[in-house]
Amino acid sequence: MTATEPPETAVAEPEPRRRLHPLSPLLHGAKSIAVIVAALSWQTLSQVGLERFAIVVAVIAVGVVLFSIVGWLSTGYQVVGRELRISDGVVWRRNRAIPLERLQAVELRRPLLAQLTGLAELRLEVIGGGKTEAPLAYLTVREAAALRERLLRLAGRTRAMEAQPTDQPDAEAPAAPALERPLMRVKNRELVVSQLLTPQAFFLPVGVAFVVLQFVLEGSWTFIGIASTVTAMAGVLLQPVRRVLQDWDFRLARDPEGRLSVRYGLLETRNQVVPLNRVQAIGATWPLLWRGQGWLHLRLDIAGYAGEPGSGDSKRSDRLLPVGEFATARALVWEVLPGVDLAGLATSPPPARARWLNPFSLRSIGVGLTPEVFVSRWGLLTREMHIVPYARLQSVRVVQGPLQRLTGLATVYADTARGRAGQAKDRDLAEAYALAAELAVRARHAREQRTD
Amino acid sequence: MTVDALTPWPDTVDWRPVSPKLITVELIVRWAWTLIVVAGLCVGLVLQGHWLWQLGIALVVLNAIWRSFVTVRAVRAWGYAERDNDLLVRHGLLVRRLSIVPYARMQFVDVTAGPLERAFGLATVQLHTAAAASDARIPGLAPAEAARLRDRLTALGEDRAEGL
């Protein structure tokens, strides 16, 4: 079958399988040990005493590190043609080929330990993965940046360009972050204030008062007791703190290829690179408590974005603007979806009889069609807006429930590959069908233009 | 202009019904379940003899009869249409749904047929896109029609394929 191989691989020598950085097993081990210690909990510590606890942890640590080393030995990656191949697994061997034209976004993530050792984790987002596929942990920062640049370049290349293999992989090795054009930067003061203006932050004093009261009444100030209570509370109430840490020093830039580059994080820094044609939709939210400042936040929907495993707030991992003023948001939306002006998105409300179904929020519902995007907005207290470019529409649905049938209304959904569907709630039935037909036509035209 | 929620654009779109044999299949499934439940209730009646068991049997049977009428109408409410660029599917009585799925957005096509469906010469075609919400499932197709639809969908999908 060698005759049918693409010319690139036939000419160039198949590149060798590469290993991850030799320090990776240690870092992986450290991560698992933290998890194990957390699982053993404070109570175990108080029961078995510090010495035994330390011994148990040490034994587990050695085991974990040994296991990680075996895992490291069996892990490798290589780029073949337009595919990234990753093999890993100790007991169950796995060989995975990722077609790069399906690549949606690449993230370079550096947890605290990795920052100390100068390493980074490379995460690829592809469609159809329940979780982030193929995290390459860990590579040196330089290696990771070069690999990312190379993967994105291969991913963005069209078939016509593929015919002429011009770029040597070696020539791309130094990444070019210096040429990035900065777009905006969120002030850390604004970030902190914005997270203080969340319901959780308002409940924090109540929680602290409760704990203090409990100890005053019981009169037992043991270290273990305090520690376990604080740990239990931290999970829920410290979410604003976590967000501040996550979104610290949030910066956006356009790289020389026109892709969007997002950097943020304090303890764990992340750097996402998203090609603009992978943006499925943009969501804007105006929380009630931020209205005094006139702030909003913007969300970026990217297909295949998996978010944090198990943390529940999976939507948090793809933000465009954690907090900002309207003018900033307007400029950003223009940057991501050229030709879309956040201030000029007129929406029309549903007919007055929709009041029966939305007694309070009728005035906050609306949809609008602009030449580029489908806009829908809703929400009385927390106002939200959802912007879907026609070219990203996957399908259009019209749904009419029993109550809507009584009032002659219907809802139109505009489905995208990721995130919430844009929805035109409670429109007049005839209008709903007209809207659906219009959306289908516009989506087709937008697609045809893009494939030219 | 009055618009019927069951048949949008009746003038321009050529709606096709699904096979009426689907009614038979659905009725068989419904009555099979009803029989099992009734049999269970009969055992209870024989063992205990309380009048509540009789009431239960009556309710189950009445429900099944009512749902059978609904099934007949629901199957007739299913419809699909192939346009030049997209597939239209409509269904549902209580909640009426219409899906418009462009061929270019197709990721893969499923053709499935359960044992009962096979016995009656039926198959189900389902079109999947990258959006989980897209809902383009057509039950009750003759196998030949299902195969034709599948081939047509894949052919059209290939023409206009793109990586999202």
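A quick note: this is a predicted structure, and the numbers were derived from the prediction, not measured. Within each chain, residues carry numbers counting from 1 in the order of the written sequence. Whichever chain is written first becomes A and whichever ligand is written first becomes 1, with later ones labelled in order. This being a predicted model, a pLDDT of at least 70 is required before a residue's local features are given, and a value of 80 or more before pairs of side-chain atoms are given or counted; all residues contribute to the totals for chains, interfaces and linings.

## What about the overall build of chain A?
Basically, it comes down to this: By the criteria applied, helices consist of DSSP H or I runs no shorter than four residues and strands consist of E runs no shorter than two, each listed in order from the N terminus. As a rule, residues whose C-beta atom has 12 or fewer other C-beta atoms within 10 Å are exposed, those with 20 or more are buried, and those in between are partly exposed; C-beta atoms are placed from the backbone. Throughout, a pair of residues is in contact if the C-beta atoms placed from their backbones lie within 7 Å.
What chain A contains, in helices and strands, is 13 helices and 19 strands. Out of the 452 residues belonging to chain A, those deemed buried represent 33%. In chain A, 55% of the contacts between residues at least 6 apart in sequence involve partners at least 24 apart.

## Quick look at the packing of helix α1 (residues 21-48) of chain B against helix α2 (residues 51-77) of chain B
All names here are of chain B. This is how the line gets drawn: Inter-axis angles, ranging from 0 to 180 degrees, are taken between N-to-C directions of lines fitted to C-alpha atoms, where helices are fitted over the stretch in contact. Angles below 35 degrees are treated as roughly parallel, those above 145 as roughly antiparallel, those between 65 and 115 as roughly perpendicular, and all remaining angles as oblique. Residue polarity is assigned by list, with Asp, Glu, Lys and Arg as charged and Ala, Val, Leu, Ile, Met, Phe, Trp, Tyr, Cys and Pro as nonpolar; anything else, Gly included, falls into the polar class.
Orientation of α1 relative to α2, taken along the N-to-C sense of each, is 175°, at an axis distance of 9 Å. When the axis of α1 is compared with that of α2, the two are roughly antiparallel. Of the residues that constitute the contact of α1 with α2, the class distribution is 15 nonpolar, 7 polar and 3 charged.

## Observations regarding the sheet that holds strand β7 (residues 136-141) of chain B
All names here are of chain B. Note the following rule: Between any two strands, pairing holds if DSSP finds at least two bridges.
In space, the 3 strands of this open sheet follow the order β5-β6-β7, with antiparallel pairing throughout. Every interior strand has two partners, whereas the edge strands, β5 (106-112) and β7, have only one. Each strand of the sheet is rotated relative to its neighbour by a mean of 15°, with strand direction disregarded. In terms of strand pairing, strand β6 (residues 123-129) meets β7 through 4 bridges, oriented antiparallel. Within β7, the position partnered with Val-125 by the bridge is Ile-138.

## What to know about the domain arrangement of chain B
All names here are of chain B. Going by this rule: Where a domain begins and ends is set by an automatic assignment or by a domain database.
Annotation of chain B at the domain level lists domain 1 (21-74) and domain 2 (79-159). When each unit is reduced to the centre of its C-alpha atoms, the spacing between domain 1 and domain 2 is 31 Å. Across the boundary between the two partners, domain 1 contributes 9 residues, which contact 7 residues of domain 2. Listed by contribution, the elements that provide at least two residues to the side of domain 1 that touches domain 2 are α1 and α2. In terms of residue count, α1 provides more of the side of domain 1 that touches domain 2 than any other element does, 6 residues in total. Counted by class, the side of domain 1 that touches domain 2 contains 6 nonpolar, 1 polar and 2 charged residues.

## Things to note about the interface of chain B and chain A
On the chain A side, the residues contacting the 27 residues of chain B number 28 residues. Considering every element that reaches the side of chain B that touches chain A, the biggest residue donor is strand β4 (residues 96-102) of chain B, with 7 residues. Of the residues assigned to the side of chain B that touches chain A, the class counts are 16 nonpolar, 5 polar and 6 charged. Here strand β17 (residues 395-400) of chain A pairs with β4 of chain B via 5 bridges, running antiparallel.

## Points about the packing of helix α7 (residues 188-196) of chain A against helix α10 (residues 239-247) of chain A
Residues and elements named next belong to chain A. Just so we agree on the cut-off: Two helices cross in a left-handed way if the nearer one is turned anticlockwise from the farther one by less than a right angle. They cross in a right-handed way if the turn is clockwise.
Remark: α7 packs on α10, axes separated minimally by 9 Å, with the N-to-C direction vectors making an angle of 160°. Classified by the angle their axes make, α7 and α10 are roughly antiparallel. Here the hand of the crossing between α7 and α10 comes out right-handed. Of the residues in α10, those touching α7 at Leu-191, Val-192, Gln-195 and Leu-196 are Pro-240, Arg-243, Val-244 and Asp-247. Residue composition of the contact of α7 with α10, grouped by class: 5 nonpolar, 1 polar and 2 charged.

## Focus: the pairing of strand β19 (residues 422-428) of chain A
All names here are of chain A. Most of β19 sits inside the fold, with 6 of its 7 residues counted as buried. Bridge count between strand β18 (residues 409-415) and β19: 5 bridges; the pairing is antiparallel. Bridge pairing in β19 places Tyr-413 opposite Gln-423.

## Details of the UniProt feature "transmembrane region" (unreviewed entry) in chain A
All names here are of chain A. Applied cut-off: UniProt positions are given in the numbering used here, feature names are shortened, and annotations may be inferred rather than shown by experiment.
Listed under "transmembrane region" (unreviewed entry) in the UniProt record, and renumbered for this structure, are residues 23-42, 54-75, 191-213 and 219-238. Across residues 54-75, helical content stands at 91% and strand content at 0%; the span's end C-alpha atoms are separated by 31 Å. The distance separating the terminal C-alpha atoms of residues 191-213 is 31 Å; by composition the span is 91% helix and 0% strand.

## Things to note about the confidence of the model for chain A
Residues and elements named next belong to chain A. Applicable threshold: pLDDT is a per-residue confidence score from the predictor, ranging from 0 to 100.
Within chain A, residue pLDDT values average 80, and 83% of them lie at 70 or more. The low-confidence segment residues 1-12 (pLDDT under 50) makes 9 contacts with residues lying over four places distant or belonging to another chain. Residue range residues 159-177 is modelled with pLDDT below 50. Its contacts to residues more than four positions away, or to other chains, number 15 contacts.

## Observations regarding the pairing of strand β2 (residues 83-88) of chain A
Two faces, one strand: in a regular strand the side chains alternate between the faces of the sheet. Residue and element names in this part refer to chain A. Pairing of strand β1 (residues 76-80) with β2 involves 5 bridges; the strand directions are antiparallel. In the strand pairing of β2, Gln-78 is matched with Arg-85. Joining the antiparallel neighbours β1 and β2 is a turn of 2 residues, in which Gly-81 adopts a positive phi near 60°. Relative to strand β3 (residues 94-99), β2 runs antiparallel, the two being bridged by 6 bridges. Paired with Leu-84 across the strands is Ile-98, a residue of β3.

## Digging into the UniProt feature "domain: YdbS-like PH" (unreviewed entry) in chain B
Feature annotation in UniProt assigns "domain: YdbS-like PH" (unreviewed entry) to the following positions: residues 75-153 of chain B. Summarising residues 75-153 of chain B: 24% helix, 47% strand, and an end-to-end C-alpha distance of 23 Å.

## Notes on the sheet that holds β4 of chain B
If you walk across this open sheet you meet the 7 strands as β19(A)-β18(A)-β17(A)-β4(B)-β3(B)-β2(B)-β1(B), and the pairing is antiparallel. Both outer strands of the open sheet, β19 of chain A together with β1 (16-17) of chain B, are each paired with one neighbouring strand and no more. The pairing of strand β3 (residues 86-91) of chain B with β4 of chain B spans 6 bridges and is classified as antiparallel. Directly across from His-91 of chain B, in β4 of chain B, lies its bridge partner Arg-97 of chain B.

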